[in-house]
Amino acid sequence: MLSTTAHIIGKNKISETLYILMLECPAITRSAKAGQFVMIRVNSHSIEPLLRRPFSISWIDGDYFEILLQVVGGGTRKLSEKDIGDEVEVLGPLGNSFRIDNTFETAILVAGGVGVAPFPILTKELRERGKEVQTFIGARTKSQLYTQHLVNCSVSTDDGTEGFHGTVVDNVRAYLENTEMQKLKLFACGPTPMLKALGVLVHHKKLNCEVSLETEMACGFGICQGCVVQLKDSNKGYALACKDGPNFFIDEIVL
Amino acid sequence: MLNTTRTTFKLRNVEFRNRVFVASGTFGYGDEVRNIFPYEKLGGIITKSLSLKPRAGNPPPRIVETSSGVLNSIGLANIGVEAFIHAKLPVLRTLNTSIITNIAASSVDEYCAVLERLESVNGVHAYEINVSCPNVKEGGLNFGTSATMVATITKELRRRTEKPLIVKLTPNVTHIADIARAAAHEGADAVSLINTLIGMAIDVHTRRAKLSTVTGGVSGPAIKPIALAKVFEVSKAVSIPVFGIGGIATVHDALEFLLAGASAIQVGTMNFVDPLIAVRIADGIDEYCRINNIEDVGMLVGSVNANLSNSILQTWL
Ligand SMILES: Cc1cc2nc3c(=O)[nH]c(=O)nc-3n(C[C@H](O)[C@H](O)[C@H](O)COP(=O)(O)OP(=O)(O)OC[C@H]3O[C@@H](n4cnc5c(N)ncnc54)[C@H](O)[C@@H]3O)c2cc1C
Ligand SMILES: Cc1cc2nc3c(=O)[nH]c(=O)nc-3n(C[C@H](O)[C@H](O)[C@H](O)COP(=O)(O)O)c2cc1C
Ligand code: FES
């Protein structure tokens, strides 16, 4: 973990509530891996909001990284109002990374809403390791869809304005029904109800699945003990989402 | 401008490098930030509260942000004294700062057992006793709300150690000075205050309390004026040193506590926002002293120019 500052060198507005920010920060891009996140202080000169906000590292290119920013409250709004040239305080890279090993040949990425954030960099790392990648993206509506750097995308929208009309999990289920399942691994990120529904599906199909959690965090680096996730093995108690996670195998946690 | 200012601070036989510490439960066990933290710039680390057996703590959600503060109900989650000794202490011994272990317990016997276990190993420089814990024998009544119970705990622990003993006080009482006096009378070397204030937050969309335990403890800049007044009050009531805690976010905040009567300060919640903040504050205090030709940081302690009317003092003492 490093405590540093980053310059905003690019900003893209995708919709009224969705932005891409490009942050120049070689100290972080040098060591960050797919699945890790940063804690950003959205307002350095003020104690409102007090705590930093966590964001997945979405993409890395040379000295800069990107975050996909969805405005949901005061902190994310303040960050969305920053401009090119502004500086923000950043802690990172934090958390564990996605596990890319030899147990699978095809990766199925499942994203709900802004849960798509960690997948561009994951796609890049998977392809560098010679994996096939199949991507499923769900959003409320067409304007909230983000597919940059992703491959083999199948999209779904809750309102049917684009792609499959329904949930992303329904879309994945339909796909799995028609696929020869061999050496698959799922990677998922999104709202808890989506992860729960996916959990039922992968349990039923006995598939390997890793999820990236968005548990609320105060510190992001293991000192507050606030971000606990219940482990299935009751002898082990709680894990910390920020340090032991944010990426967990879906069958080791209680969602 | 002075070249150097004396920064050290002594309790019993232990000399701390300076008067800036990190508060219990807000810096983990001290080793989490090992690769970025200049430990030699700190007076010391106060560990997460340790109990005899490991504790998982309360179910989530157990920490939420509130206006300029944080509300938590971590519930004294900790790895227990044995795991601390085996997994953490060997690392802490190498860190080049003083280690103060904070102890929490649900009975007087448990306080004694944890302290005795720590007495048998090397690497602990002092103890801080968290009395904001439910007393199981007394039906869950908080130890820290009773001067008698605080006196008993202090007396029993004092008999068992020659090391500095700091009793950490809860502000959730009517007369905090009474509790401080009880600790001082039974031989505490210092008191520290404040622990968190009881608070609550509600999600208006779901109409549920935001914490799983409904209420919790408030900390952070929001509580600073309250903490400052408590430190002022207690420092008038006892002659032992006071550690000031509560919402310290800047060098000025820390100076206010020293001026109000704190001999040393602890930085808590703000470590979450900036893990290096305690070091920045220690450096800032040195600089303030140099610029103002203050030879010893200790000269600031209690030097606030405040004329309290006798009637107010009477109600406190
Ligand atoms: C590891 C991790 C990675 C994340 N990555 C991204 C990302 O890449 N892009 C992105 O836009 N967001 C991401 N988030 C979520 C983001 O951190 C929150 O949306 C943000 O902290 C909300 O701050 P706020 O001040 O705007 O909202 P607040 O005012 O704090 O809250 C507004 C609303 O958002 C909800 N909320 C707050 N925090 C979270 C959270 N952590 N998860 C879900 N809901 C929350 C609150 O319950 C409330 O209803 C991530 C979270 C984590 C833990
Ligand atoms: C998340 C959290 C956990 C805490 N855990 C402990 C603890 O284990 N033992 C203890 O004595 N105090 C604990 N405290 C209280 C702090 O040490 C400190 O007294 C309080 O937060 C006020 O200081 P602050 O406003 O600077 O945070 C905790 C505080 C927070 C925010
Ligand atoms: S957010 Fe503080 S321990 Fe995980």
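Everything numeric in this text was worked out from a predicted model, so none of it was measured.

1. Thoughts on the state of the cysteines
Under the criterion given, the structure shown has 0 disulfides over all chains. Here C189 of chain A is not cross-linked by a disulfide; its sulfur's nearest cysteine counterpart is in C209 of chain A, at 11 Å. C133 of chain B takes part in no disulfide bond, and the closest cysteine sulfur to it belongs to C112 of chain B, at a distance of 14 Å.

2. Considerations on the site of ligand 1
Residues and elements named next belong to chain A. What surrounds ligand 1 is a group of 20 residues, the closest being P54, L68, Q70, G75 and T76. Within the backbone of E214, one N or O atom sits 3.1 Å away from a nitrogen atom of ligand 1. Burial of ligand 1 by the protein chains amounts to 75% of its free accessible area of 870 Å². Going through the elements one at a time, strand 4 (53-56), strand 6 (64-70) and helix 2 (74-80) are the ones with two or more residues in the shell around ligand 1. A total of 4 residues in the shell around ligand 1 trace back to one element, the largest contributor, which is strand 4.

3. Re helix 3 (residues 119-128) of chain A
For the α-helix, the turn length of 3.6 residues means that residues three or four positions removed from each other point alike. Those residues of helix 3 of chain A not exposed but buried are F119, P120, I121, L122, T123 and L126 of chain A. The first or second residue beyond helix 3 of chain A is G130 of chain A, which carries a positive phi of 80°.

4. Focus: the packing of helix 2 (residues 108-119) of chain B against helix 3 (residues 147-158) of chain B
The axes of two packed helices give the description: the angle between them and the distance between them. Residues and elements named next belong to chain B. It is at 10 Å that the axes of helix 2 and helix 3 come closest, and there the two elements cross at 30°. Viewed along their axes, helix 2 and helix 3 adopt a mutual orientation that is roughly parallel. Handedness of the crossing formed by helix 2 with helix 3: right-handed. Across the interface between the two elements, V108, Y111, C112 and L115 of helix 2 pack against T152, I153, E156 and L157 of helix 3. Each residue belonging to the contact of helix 2 with helix 3 can be placed in one class, and the counts come to 6 nonpolar, 1 polar and 1 charged.

5. Points about the packing of helix 6 (residues 251-260) of chain B against helix 8 (residues 277-291) of chain B
All names here are of chain B. It is at 9 Å that the axes of helix 6 and helix 8 come closest, and there the two elements cross at 65°. Taken together, the axis directions place helix 6 and helix 8 in an arrangement best described as roughly perpendicular. Here the hand of the crossing between helix 6 and helix 8 comes out right-handed. Contact residues: V251, A254, L255 and L258 in helix 6; R280, I281, G284, I285 and Y288 in helix 8. Each residue belonging to the contact of helix 6 with helix 8 can be placed in one class, and the counts come to 7 nonpolar, 1 polar and 1 charged.

6. Some details on the packing of aromatic side chains
The relative placement of two aromatic rings is captured by the distance of their centres and the angle of their planes. Using the criterion set out here, one finds 13 aromatic pairs over all chains in the structure. Seen in terms of ring centroids, F98 of chain A and F187 of chain A are 5.4 Å apart; in terms of plane orientation they differ by 90°. Their pairing is edge-to-face. Here F98 of chain A is found in the loop between strand 7 (87-94) and strand 8 (106-112), whereas its partner F187 of chain A is found in strand 12 (residues 184-189), with 89 residues between them in sequence. Looking at F98 of chain A, the relative accessible area reads 5%, which means it is buried. Ring plane angle 75° and centroid distance 5.2 Å describe the contact between F16 of chain B and F21 of chain B, whose orientation is recorded as edge-to-face. For the pair shown, F16 of chain B and F21 of chain B are each scored as buried. Connected via pairs of aromatic rings, a cluster forms that spans F98, F104, F119 and F187 of chain A.

7. Side note on the confidence of the model for chain B
Across chain B, the average pLDDT comes to 94, with 97% of residues at 70 or higher. Overall fold confidence (pTM) sits at 0.96, and the ipTM for the predicted complex is 0.95.

Parameters at a glance
Residues numbered from 1 in each chain as written. Chains lettered and ligands numbered in written order. Predicted model: local features only at pLDDT ≥ 70, side-chain atom pairs only at ≥ 80, totals over all residues. Heavy atoms only, no water. Disulfide = S-S within 2.5 Å. Near = heavy atom within 4 Å. Polar contact = N/O pair within 3.5 Å; in protein donor to acceptor, adjacent residues only side chain to side chain. Areas by Shrake-Rupley, 256 points an atom, 1.4 Å probe, with all protein chains shown as cover. Helix = DSSP H or I, 4+ residues; strand = E, 2+ residues; numbered from the N terminus. Buried < 20%, exposed > 50% of the residue type's maximum accessible area, 1.4 Å probe, protein only. Axes fitted to C-alpha atoms, helices over the stretch in contact; angles between N-to-C directions. Parallel < 35°, antiparallel > 145°, perpendicular 65-115°, else oblique. Left-handed = near helix turned anticlockwise from the far one by under 90°. Contact = heavy atoms within 4.5 Å. Nonpolar A, V, L, I, M, F, W, Y, C, P; charged D, E, K, R; others polar. Phe/Tyr/Trp six-rings, centres within 6.5 Å; stacked < 30°, edge-to-face > 60°. pLDDT = per-residue confidence, 0-100.

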